[in-house]
Amino acid sequence: MSDERTPGSPSGAGARSGANEHDDRRDGPLYGLLAEYDTPGELVEAARKVRDAGYTEFDCYSPFPVHGIDEAMGIKRTILPVLIFLGGFAGTCGGLLLQWWCNAYNWPWNISGKPVWSIPANVPIGFETTILLAVFTSFFGMWIANKLPQVWHPFFRNERFNHVTDDAFLLGIEARDRRFDAEATPRLLSEAGAISVERVHLDPDPATRQMPKWITAFIVASTAFALIPFAIAAKARTSHSPDPHIHIFPDMDFQPKYKSDTAMDLFGDGRENRGEISGTVARGSLGADDTFYRGIERGADGDHWTTKFPQQLEINEQLIKRGKNRFEIYCSPCHGYDGRGMGAIPQRVAASGGAWQARNLVDAGNPVAINMPNGQLFNTISNGYNTMMGYAAQIPHADRWAIVLYVRALQRSQNASLDDIPPDHRSGMQMPEATP
Amino acid sequence: MSALQKSLHPDEKYKAGKLGQSLSRIGLVIALVFLAISVLLGWTKGDHFKRFLFAYVIGWSYIFSICVGVFWLVMLHHLVRGRWATVVRRIAEAMSMAFPVVFVSGLVFVIPLVAGYHDLYYWAHPDAALCLEPAAAACKEYLNPTLLHKLGWLSPGFFAGRYVVYGVLYSAMAAYFTKKSRQQDETGDPKLSEDMRVASGPAMIVYALITCFAAFDVLMSMAPKWYSTIYGVNFWGSACVGGFAALGLVVLGIQRTGRLTHSISPEHYHDIGKWMFAFTFFWAYTAFSQFMLQWYGNMPEETVWYKYRLFGEWQWVSIAMLVGFWAFPFVFLMSRWTKRIVPSLVFFAVWQLVFHWLDLYWNVMPSYDWLTLAHGSASVSQGPLAGAVLEHRVGFSPIDITVWLGLIGVLLAGIGRNLRGNLLPIKDPTLGLSLAHENL
């Protein structure tokens with residue numbers, strides 16, 4: 001259609017062509033004038049002239065942002081940046097408030113003794129909520145400020161308007177502008193260099209300008225429908241019910257399988273668990289060496305805990321280091337790094353007002369652990385002692401022995417005197433501080 | 001008006017003329033006067049120029065970082081086919097061409113290091129080397145386990161070698177873009193723009209690596225046992241704040257001489273301000289990232305670096321950094337108008353240039369104090385750190401300022417050397433777009 005464009009004609013009807021003839025037959029009241037300009041520069045100049053002539057109800061349409069058009073049209077700068085700043089600031093405060101309320105006020109929870117309210121830890125969340133609300137304000141504020149979404153506009157009836165997303169630079173003046181004049185306004189637009197000026201009429205049927213009723217009904221219905229889950233949740237919070245839970249996926253909640261220690265009719269003993277078959281040993285599970293696997297020495301005078309280390313192990317620095325490493329992973333949470341029984345867990349008990357500490361492994365005053373033979377220490381690690389559970393499932397045998405060795409080293413070092421240190425090393429005892 | 005292209009104003013003065021020579025002369029005078037005072041002050045301290053050299057490393061990092069910042073704009077402009085910066089690109093090129101002068105001036109601390117001076121970098125100290133000998137087993141176990149494996153990298157000879165490599169690479173890259181750009185002034189060949197665009201990608205990678213490593217070597221090795229992998233990025237953020245602030249001031253200075261008055265408008269200052277704003281936040285973002293991970297991880301070998309900076313007198317410097325280098329400029333530079341109204345932008349440029357220096361001071365100087373304390377204080381052996389930290393002093397000294405000003409003089413002399421010929425890339429195909437640049 002664009003190739004049929006003709007220079008502007010104030011009379012309007014003569015300039016129209018092609019598809020617009022269809023609209024002519026059923027034109028309603030005049031909506032406004034639509035003028036087309038050849039370049040963005042001419043559009044800006046025309047906008048300036050229209051504004052200078054005192055018009056207020058007009059707008060410019062272009063395929064891309066045109067520099068200087070806001071100023072030419074006399075549009076004030078948007079206040080959106082200020083709103084975005086306030087939105088972001090609200091996000092910062094809201095994010096910090098949320099964390100304070102959750103972590104420090106409503107449900108304070110001691111995590112490894114860290115403070116429940118600490119600004120550095122809260123900065124990342126505060127940062128995220130700042131961005132979130134600033135972006136929301138920016139995005140939705142832009143829609144509101146531009147009166148979007150606008151799905152229909154009277155200019156859509158004009159064929160020329162279809163090119164506004166491609167190559168057309170248009171200026172539209174609404175007929176309701178108080179300076180609008182059927183003679184003078186088209187002349188103004190033409191004198192500003194318009195290549196065409198067209199009259200755009202509303203559809204004669206007012207119903208076409210209304211939103212269809214079914215869309216309204218759909219929006220209302222879907223909004224009401226979306227509130228149902230919230231309503232159910234609200235009801236559940238304030239009422240009691242004897243009914244069992246609703247299982248949305250019952251086959252996931254009740255899976256056809258047996259878990260350990262459950263009943264099962266298939267076997268004679270009624271248990272699901274199948275124990276070892278008597279008279280058999282699983283591969284690699286023989287453990288015939290009592291000293292290595294159980295810490296026991298069998299002798300003519302009966303069985304007793306071994307006081308030595310199994311011969312399979314070579315006692316060297318590497319083994320002590322392995323023992324230290326394992327000790328710090330498995331034992332230190334209760335017994336502490338120094339073996340004195342005040343690890344992180346007893347400290348936390350103390351912090352919450354209780355009093356409990358693990359066995360002091362190195363206490364010369366109450367030398368229970370010091371006097372235990374190696375084998376008994378090994379057995380304690382394997383099978384537990386009082387409230388301490390056994391670690392046989394977690395720590396391999398050799399590592400348990402390494403821990404025994406390290407505990408022996410701890411017991412010696414924690415009760416050491418200066419005489420235990422070789423003379424040539426004593427001068428180095430005055431250590432400087434740790435340095436950056 | 002809304003033209004997409006604009007041609008050069010007929011009355012525009014875009015020839016440098018004597019501008020470069022007079023700037024060099026002024027810079028040289030400032031450098032000589034203030035460095036002479038500094039040497040005198042350093043000598044009167046009677047500490048074998050230790051204080052002088054610490055101030056010198058800070059000052060050198062300062063002028064180096066400004067070159068790093070503006071050179072980034074030159075490369076970025078080519079890499080993304082930028083438009084707005086074409087009118088200031090020649091000035092940025094001239095500033096980045098100060099790299100050779102900057103690296104020569106840095107020899108003042110590199111040569112003593114190679115010659116066996118060990119009070120500046122702890123890792124060059126005989127104590128550090130002593131730990132390599134089996135006799136000092138205790139030292140090995142307790143004092144320097146984390147330093148031990150770094151001493152191969154942190155040896156004076158290798159350090160100096162890397163320093164030369166950095167200097168050559170920066171200078172060569174800056175020279176390449178400047179040379180091609182000036183060539184275009186004569187031929188107007190648009191293919192030269194394409195050449196620079198192709199070169200800017202690899203150049204950006206080399207630049208990123210050597211900037212990181214230069215920051216590790218010159219600044220982070222001040223505390224050789226401490227480490228942070230984001231350190232180089234954080235330094236770069238601070239460097240770009242300084243670089244764009246300095247660019248704004250140099251552009252304004254040139255306009256004050258009556259040159260480029262028609263070509264460079266508040267639109268271009270606005271864009272320089274945007275970058276300053278962006279890097280102000282970027283610096284804070286990376287600085288906080290570094291801090292938070294180490295604070296949360298709470299490992300002694302990492303937190304000790306912050307312990308020296310967040311307690312005692314140093315905590316006030318840290319707070320000043322948070323408020324002065326980030327919060328205040330961040331809030332005020334956010335507005336469109338503080339960047340478009342040139343006096344306001346100048347205020348923030350000067351402000352950020354001062355705080356950029358404070359940032360470097362904050363990075364380097366606690367190591368000076370620590371060395372003094374570690375070797376001289378009796379309270380050190382009592383428990384881990386606590387006694388020493390409380391004694392920590394900020395210890396501002398006039399020598400910090402005089403060395404700083406002297407090295408700014410060196411930078412100005414280096415910039416002036418290259419402010420010659422055309423101050424605009426007059427035949428650059430994007431010049432018209434840049435002249436017509438408008439921020440929406």
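Numbers given to residues run from 1 along each chain, matching the order in which its sequence is written. Both sets of labels track the order of writing: A upward for chains, 1 upward for ligands. pLDDT decides what is reported in this predicted model: residues at 70 or higher carry local features, side-chain atom pairs at 80 or more are listed and counted, and totals for whole chains, interfaces and linings draw on all residues regardless. To obtain the side-chain values, all non-hydrogen atoms of the structure were used and water was disregarded.

1. Re the sheet that holds strand E2 (residues 58-61) of chain A
All names here are of chain A. Here, strands pair whenever DSSP counts at least two bridges between them. Every helix listed is a DSSP run of H or I at least four residues long, and every strand listed is a run of E at least two residues long, numbered separately from the N terminus. The antiparallel open sheet is built from four strands, whose spatial order is E2-E3-E1-E4. The open sheet has two edge strands with one neighbour each: E2 and strand E4 (196-201). The average angle at which neighbouring strand axes cross in this sheet is 20°, direction not considered. Sheet topology note: the strand E1 (residues 30-37)/strand E3 (residues 169-174) ladder contains six bridges and is antiparallel. Opposite Tyr-37, over in E3, you have Phe-169 as the bridge partner. Against the sheet, helix H2 (residues 40-52) makes contact with E1, E2 and E3, and its axis sits at roughly 20° relative to E3, the strand it touches most. For helices, the axis comes from a line fit to the C-alpha atoms of the stretch in contact; other axes are also lines fit to C-alpha atoms, and the angle between any two N-to-C directions lies between 0 and 180 degrees. A contact between two residues is defined here by any heavy atoms of the two lying within 4.5 Å.

2. Concerning the pattern of salt bridges
Here, a salt bridge means any side-chain nitrogen of Lys or Arg that lies within 4 Å of a carboxyl oxygen of Asp or Glu. For the structure on display, the rule yields 29 salt bridges over all chains. The residue Arg51(A) makes a salt bridge to Asp52(A) at a minimum N-O spacing of 3.5 Å. Any residue under 20% of the maximum accessible area for its type is buried, any over 50% is exposed, and the rest in between are partly exposed; the area is computed with a 1.4 Å probe on protein chains only. According to the relative accessible area criterion, Arg51(A) is partly exposed, its value standing at 29%. The exposure class of Asp52(A) is exposed, given its relative accessible area of 55%. The structure contains a network of salt bridges with shared partners spanning Arg89(B), Arg90(B), Glu93(B), Asp185(B) and Asp428(B).

3. A closer look at the pairing of E4(A)
All names here are of chain A. Along E4, five of the six residues are buried, which leaves the element largely enclosed by surrounding structure. Pairing analysis gives six bridges linking E1 to E4, with the strands arranged antiparallel. Looking at E4, one finds that Gly-32 is bridged to Val-200.

4. Section: unusual backbone geometry
Note that the residue after Leu148(A), namely Pro149(A), is joined by a cis bond; omega there is -5°. Positive phi is not limited to glycine here, since Arg81(B) has a value of about 50°. Look at Leu260(B): it is not a glycine, yet its phi comes out positive at around 55°. Take Leu260(B): it is sitting in the loop between helix H11 (231-256) and helix H12 (266-297).

5. Topic: the side chain of His335(A)
Within the secondary structure, His335(A) sits in helix H10 (residues 317-335). Pairs of N or O atoms are called polar contacts if they sit within 3.5 Å, as long as, within protein, a hydrogen donor faces a hydrogen acceptor (for residues adjacent in sequence, only side-chain-to-side-chain pairs). Looking at His335(A), its side chain comes within polar contact range of the main-chain oxygen of Arg359(A), at 3.0 Å.

6. What about H10(A)?
Residue and element names in this part refer to chain A. Taking 1.5 Å of rise per residue, 19 residues should cover 27 Å, yet H10 covers just 22 Å from first to last C-alpha, more than 12% shy of that figure. The largest bend along H10 reaches roughly 50° and is located at Glu-328. Residues of H10 that are buried in the fold lie against helix H11 (344-351), strand E8 (388-389) and helix H14 (397-414). Backbone geometry just after H10 places Gly-336 at a positive phi near 85°. To estimate how far a helix should reach, multiply one less than its number of residues by 1.5 Å. Throughout, bend refers to the angle between the axes fitted to the seven residues that end at a position and the seven residues that start at it.

7. Brief notes about the packing of aromatic side chains
Two aromatic rings, taken as a pair, are described by how far apart their centres are and by the angle between their planes. Residues and elements named next belong to chain A. Any Phe, Tyr or Trp ring, taking Trp's six-membered ring, that has another such ring centre within 6.5 Å forms a pair; planes under 30 degrees apart are called stacked, those over 60 apart edge-to-face, and the others tilted. Counting across every chain of the model gives 82 aromatic pairs over all chains. Consider the rings of Phe-309 and Trp-401, whose centres lie 6.0 Å apart with planes at 70°: the pair is edge-to-face. Here the residue Phe-309 occupies a position in the loop between strand E6 (302-305) and H10, and Trp-401 occupies one in helix H14, the gap between them amounting to 92 residues. Classification of Phe-309 as partly exposed rests on a relative accessible area of 22%.

8. Things to note about the nonpolar core
Side chains of a nonpolar character, in soluble globular proteins, are inclined to be buried together. As used in this record, nonpolar core signifies buried Ala, Val, Leu, Ile, Met, Phe, Trp, Tyr and Cys residues forming a set joined through side-chain atoms within 4.5 Å. Trp60(B), Phe64(B), Phe109(B), Tyr121(B), Tyr207(B) and Leu247(B) are the most contacted members of the largest nonpolar core, which totals 132 residues. Ranked by residues supplied to this core, first place goes to helix H2 (residues 50-79) of chain B with 21 residues. Leaving out residues up to four positions away in the same chain, Phe64(B) has contacts with Phe99(B), Val102(B), Phe103(B), Tyr170(B), Ala214(B) and Phe235(B). Counting 24 residues, the second largest nonpolar core, distinct from the first, contains Leu33(A), Phe169(A), Leu188(A) and Leu189(A).

9. Remarks on the environment of Ser181(B)
Residues and elements named next belong to chain B. Mapped onto the secondary structure, Ser-181 falls in helix H9 (residues 156-187). Owing to a relative accessible area of 0%, Ser-181 belongs among the buried residues under this scheme. A C-alpha to C-alpha distance of 49 Å links Ser-181 and Glu-313, two positions 132 residues apart in sequence. For Ser-181, the side chain forms a polar contact with the side chain of Arg-89, separated by 3.0 Å. Within the local environment of Ser-181, its side chain forms a polar contact with the side chain of Arg-90, the two groups lying 2.7 Å apart.

10. Let's talk about the confidence of the model for chain A
Residues and elements named next belong to chain A. For every residue, the predictor assigns a confidence score, pLDDT, that lies between 0 and 100. In this model, chain A carries a mean pLDDT of 87, and residues with pLDDT of at least 70 account for 92%. The low-confidence segment residues 1-23 (pLDDT under 50) makes 35 contacts with residues lying over four places distant or belonging to another chain. Low pLDDT, under 50, characterises residues 431-436; the stretch is placed with 23 contacts to residues that sit more than four places away or in other chains.

11. Focus: the packing of helix H10 (residues 190-218) of chain B against H11(B)
Residue and element names in this part refer to chain B. Running from N to C, H10 and H11 point in directions that differ by 100°, and their axes come no closer than 8 Å. Relative to H11, the element H10 is oriented roughly perpendicular. Each of Tyr-207, Thr-211, Cys-212, Ala-215 and Phe-216 in H10 lies in contact with H11, whose residues at this interface are Tyr-231, Gly-232, Val-233, Phe-235 and Trp-236. The residue makeup of the contact of H10 with H11, split by class, is eight nonpolar, two polar and no charged. Should an angle fall under 35 degrees it is called roughly parallel, over 145 degrees roughly antiparallel, and 65 to 115 degrees roughly perpendicular, with every other angle called oblique. Three classes are used: nonpolar for Ala, Val, Leu, Ile, Met, Phe, Trp, Tyr, Cys and Pro, charged for Asp, Glu, Lys and Arg, and polar for all others, with Gly counted as polar.

12. Some points on the environment of Gln411(A)
All names here are of chain A. Within the secondary structure, Gln-411 sits in helix H14. When its relative accessible area of 7% is taken as the criterion, Gln-411 is described as buried. In this structure, the C-alpha to C-alpha distance between Gln-411 and Ile-173, residues 238 residues apart in sequence, is 94 Å. Those residues in contact with Gln-411 that sit more than four places away from it in its chain are Leu-361, Val-362, Ala-369 and Ile-370. Within the structure, the side chain of Gln-411 is placed 2.9 Å from the backbone oxygen of Leu-361, a separation counted as a polar contact.

13. Digging into the pairing of E3(A)
Looking along a regular strand, one sees side chains alternate from face to face of the sheet. Residue and element names in this part refer to chain A. Burial within E3 is extensive, with six of its six residues counted as buried. Relative to E3, E2 runs antiparallel, the two being bridged by four bridges. By the bridge assignment, Tyr-61 is partnered in E3 with Leu-170.

14. Observations regarding a nonpolar patch on the surface
Residue and element names in this part refer to chain A. Residues Ile-131, Leu-132, Leu-133, Val-135, Phe-136, Phe-139, Phe-140, Met-142, Trp-143, Ile-144 and Leu-148 make up a contiguous nonpolar surface patch of about 980 Å² in total accessible area. Counting through the fold element by element, Val-135 comes out in helix H5 (residues 119-145). Exposure remark for Val-135: the relative accessible area of 46% places this residue in the partly exposed category. What goes into a patch is any residue over 30% in relative accessible area without a salt bridge, connected to like charges within 9 Å or, for nonpolar side chains (Val, Leu, Ile, Met, Phe, Trp, Tyr), within 5 Å. Throughout, the Shrake-Rupley method with a 1.4 Å probe supplies accessible areas, and for residues the shown protein chains are the sole cover considered.

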